[in-house]
Amino acid sequence: MAIDPKKTIDDKEIVARLAAELPKWRLEDGWIRRTYKTNGWKGTLMVINTVGHLAEAAWHHPDITASYAWVEVRLMSHDAKGITERDIQLAKKIEDVVGWQPGTEPDSALEGTPRGDLRFAYIKYD
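Residues numbered from 1 in each chain as written. Predicted model: local features only at pLDDT ≥ 70, side-chain atom pairs only at ≥ 80, totals over all residues. Heavy atoms only, no water.

Moving on, we come to helix H3 (residues 85-98). Relative to the 20 Å expected for 14 residues at 1.5 Å per residue, H3 spans 20 Å between its end C-alpha atoms, a close match to the ideal helical length. Those residues of H3 that sit buried are Glu85, Asp87, Ile88, Leu90, Ala91, Ile94, Glu95 and Val98. Where H3 is buried, its residues touch helix H1 (11-21), strand E2 (31-37), helix H2 (41-58) and strand E4 (70-75). (Helix = DSSP H or I, 4+ residues; strand = E, 2+ residues; numbered from the N terminus. Expected span 1.5 Å × (residues − 1). Buried < 20%, exposed > 50% of the residue type's maximum accessible area, 1.4 Å probe, protein only. Contact = heavy atoms within 4.5 Å.)

The structure is reproduced here in C-alpha coordinates:
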(Lines give C-alpha, C1' and ligand atoms only; values in the text may rest on other atoms or scores of the structure.)
Protein backbone atom coordinates (compact mmCIF):
# COMPACT_ATOMS: atom_id res chain seq x y z
CA MET A 1 0.00 0.00 0.00
CA ALA A 2 1.35 3.42 -0.96
CA ILE A 3 2.01 6.01 1.71
CA ASP A 4 -0.15 9.12 1.44
CA PRO A 5 2.45 11.93 1.35
CA LYS A 6 -0.09 14.49 2.61
CA LYS A 7 -1.36 12.51 5.61
CA THR A 8 -0.17 14.27 8.73
CA ILE A 9 1.09 12.46 11.79
CA ASP A 10 -0.23 13.50 15.21
CA ASP A 11 2.18 15.00 17.76
CA LYS A 12 2.07 12.00 20.09
CA GLU A 13 3.13 9.63 17.30
CA ILE A 14 5.80 12.07 16.08
CA VAL A 15 7.36 12.28 19.55
CA ALA A 16 7.33 8.47 19.88
CA ARG A 17 8.84 7.98 16.42
CA LEU A 18 11.55 10.56 16.98
CA ALA A 19 12.49 8.90 20.27
CA ALA A 20 12.67 5.49 18.59
CA GLU A 21 14.01 6.38 15.14
CA LEU A 22 15.64 9.82 15.31
CA PRO A 23 16.64 10.52 18.92
CA LYS A 24 18.65 13.65 18.08
CA TRP A 25 15.65 15.26 16.41
CA ARG A 26 12.90 17.08 18.30
CA LEU A 27 9.37 18.33 17.66
CA GLU A 28 9.08 22.06 18.25
CA ASP A 29 6.61 24.66 16.97
CA GLY A 30 5.15 22.32 14.35
CA TRP A 31 8.51 21.29 12.86
CA ILE A 32 10.86 18.40 13.41
CA ARG A 33 14.30 19.90 14.03
CA ARG A 34 17.92 18.94 14.39
CA THR A 35 20.93 21.14 15.04
CA TYR A 36 24.28 19.95 13.72
CA LYS A 37 27.39 21.46 15.32
CA THR A 38 30.38 22.01 13.07
CA ASN A 39 33.97 23.09 13.55
CA GLY A 40 33.54 26.23 11.49
CA TRP A 41 32.23 27.76 8.31
CA LYS A 42 33.67 25.05 6.01
CA GLY A 43 31.80 22.34 7.92
CA THR A 44 28.64 24.44 8.04
CA LEU A 45 28.67 24.79 4.24
CA MET A 46 29.27 21.06 3.81
CA VAL A 47 26.25 20.23 5.97
CA ILE A 48 24.07 22.76 4.15
CA ASN A 49 25.11 21.39 0.76
CA THR A 50 24.52 17.80 1.85
CA VAL A 51 21.04 18.61 3.18
CA GLY A 52 20.31 20.60 0.03
CA HIS A 53 21.31 17.73 -2.24
CA LEU A 54 19.22 15.18 -0.33
CA ALA A 55 16.20 17.48 -0.15
CA GLU A 56 16.33 18.39 -3.82
CA ALA A 57 16.69 14.74 -4.83
CA ALA A 58 13.68 13.89 -2.64
CA TRP A 59 11.74 16.95 -3.90
CA HIS A 60 11.04 17.99 -0.33
CA HIS A 61 12.51 21.21 0.95
CA PRO A 62 13.58 21.98 4.53
CA ASP A 63 14.08 25.30 6.19
CA ILE A 64 17.72 25.79 7.15
CA THR A 65 19.26 28.30 9.54
CA ALA A 66 23.01 28.50 9.83
CA SER A 67 25.75 30.32 11.65
CA TYR A 68 29.53 29.96 11.76
CA ALA A 69 29.59 26.61 13.61
CA TRP A 70 26.07 25.16 13.45
CA VAL A 71 23.21 24.32 11.10
CA GLU A 72 19.58 23.85 12.13
CA VAL A 73 17.41 21.77 9.79
CA ARG A 74 13.62 22.09 10.09
CA LEU A 75 11.17 19.83 8.30
CA MET A 76 7.43 20.20 7.86
CA SER A 77 5.26 19.48 4.83
CA HIS A 78 3.86 22.88 3.89
CA ASP A 79 1.27 21.43 1.52
CA ALA A 80 -0.06 19.13 4.27
CA LYS A 81 0.32 21.80 6.96
CA GLY A 82 2.06 19.38 9.31
CA ILE A 83 4.55 16.57 9.73
CA THR A 84 4.17 13.70 7.28
CA GLU A 85 6.03 10.51 6.46
CA ARG A 86 8.04 12.54 3.92
CA ASP A 87 9.51 14.59 6.77
CA ILE A 88 10.42 11.52 8.82
CA GLN A 89 12.01 9.75 5.86
CA LEU A 90 14.00 12.80 4.77
CA ALA A 91 15.19 13.34 8.35
CA LYS A 92 16.42 9.73 8.42
CA LYS A 93 18.30 10.17 5.15
CA ILE A 94 19.87 13.43 6.36
CA GLU A 95 20.85 11.80 9.64
CA ASP A 96 22.38 8.81 7.83
CA VAL A 97 24.49 10.93 5.50
CA VAL A 98 25.46 13.92 7.67
CA GLY A 99 26.02 11.71 10.71
CA TRP A 100 28.12 9.13 8.90
CA GLN A 101 31.51 8.72 10.56
CA PRO A 102 34.21 7.28 8.34
CA GLY A 103 36.79 5.26 10.18
CA THR A 104 34.27 3.76 12.60
CA GLU A 105 33.12 0.90 10.39
CA PRO A 106 34.96 -2.42 10.57
CA ASP A 107 37.01 -3.35 7.51
CA SER A 108 36.52 0.05 5.86
CA ALA A 109 39.22 1.62 3.74
CA LEU A 110 37.56 5.01 4.32
CA GLU A 111 39.51 6.29 7.30
CA GLY A 112 38.04 9.78 7.58
CA THR A 113 39.74 13.07 8.29
CA PRO A 114 42.82 13.11 10.55
CA ARG A 115 41.65 13.02 14.15
CA GLY A 116 42.81 15.88 16.33
CA ASP A 117 43.91 18.08 13.44
CA LEU A 118 41.40 20.94 13.36
CA ARG A 119 42.53 21.98 9.88
CA PHE A 120 40.55 19.02 8.58
CA ALA A 121 37.73 18.76 11.13
CA TYR A 122 34.34 19.77 9.85
CA ILE A 123 31.51 18.26 11.93
CA LYS A 124 31.20 17.59 15.62
CA TYR A 125 29.75 14.12 16.02
CA ASP A 126 27.44 13.81 18.99
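Moving on, we get to the pattern of salt bridges. All told, the structure shown has twelve salt bridges when counted by the stated rule. The salt bridge partner of glutamate 28 is arginine 33, with a shortest N-O separation of 3.8 Å. Between glutamate 72 and arginine 33 there is a salt bridge; the shortest N-O distance is 3.4 Å. Taken together, the residues span a long stretch of sequence, with glutamate 72 in strand E4 and arginine 33 in strand E2 at a distance of 39 residues. Accessibility expressed as a relative area gives 10% for arginine 33, which makes it buried. Where salt bridges share partners, they join Arg26, Glu28, Asp29, Arg33, Asp63, Glu72 and Arg74 into one cluster. (Salt bridge = Lys/Arg side-chain N within 4 Å of Asp/Glu carboxyl O.)

Remember, this is a structural readout, not a statement about activity or role.
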